[in-house]
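Structural features, examined
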Amino acid sequence: QVQLVESGGGLVQAGGSLRLSCAGPGRTFSTYVMSWFRQAPGKEREFVAGISWSGGSTSYLDSVKGRFTISRDNTKNTVYLQMNSLKPEDTAVYSCAAVNTIVVFTREEVYDYWGQGTQVTVSS
């Protein structure tokens, strides 16, 4: 069983920054595509960003391009989401997800493992 544990959420003013972290499985972390999804109240969960096992390929939701950066440190079994210039519409529960593949998929049904989620609230 793969366990993912997110941290770093919180309350921030519009224009501020947060960095989310997700600690992944141990020895096999480097074989997983890691992604971040978010779900706002009353809305469906959506893909935010994903990164390949090597870090060489990334994918982003259009509305976060240029503001969010996904990265990973396989020596620490951790994936990060640096969020800058935050907007109230970024408010959501952010969850990390993992799948053992080589392609960064944006569809949530592809992912096998999920964290519990961390709340990000951006005030105007």
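Above this text you will find the structure in question.
Here goes a summary of the coordinates provided. (Residues numbered from 1 in each chain as written. Predicted model: local features only at pLDDT ≥ 70, side-chain atom pairs only at ≥ 80, totals over all residues. Heavy atoms only, no water.)

**Brief notes about the environment of S85**
Mapped onto the elements of the fold, S85 is located in the loop between β8 (78-83) and β9 (92-99). Spatially, the C-alpha atom of S85 lies 6.1 Å from that of R67, the residues being 18 residues apart in sequence. (Helix = DSSP H or I, 4+ residues; strand = E, 2+ residues; numbered from the N terminus.)

**Some points on the pairing of strand β7 (residues 68-73)**
Of the two faces of β7, only one is covered, namely that formed by F68, I70 and R72; the face formed by T69, S71 and D73 stays uncovered. Bridge analysis of β7 against β8 gives 6 bridges, and the strand direction is antiparallel. The residue of β8 that forms the bridge with D73 is T78. The turn joining β7 and β8, which pair antiparallel and follow one another in sequence, is formed by 4 residues; a positive phi near 55 degrees is taken by N77. (Buried < 20%, exposed > 50% of the residue type's maximum accessible area, 1.4 Å probe, protein only. Pairing = 2+ DSSP bridges.)

**Observations concerning the state of the cysteines**
Under the counting rule described, the total for this entry stands at 1 disulfide. Put simply, C22 and C96 are joined by a disulfide, and their sulfur atoms are 2.0 Å apart. On the sign convention where negative is left-handed, the bridge of C22 and C96, at about 50 degrees about the S-S bond, is right-handed. A residue pair is termed long-range when its members are at least 10 positions apart, and C22 in strand β3 (residues 18-23) and C96 in strand β9 qualify at 74 residues. Judged by relative accessible area, C22 falls into the buried class, the value being 0%. (Disulfide = S-S within 2.5 Å.)

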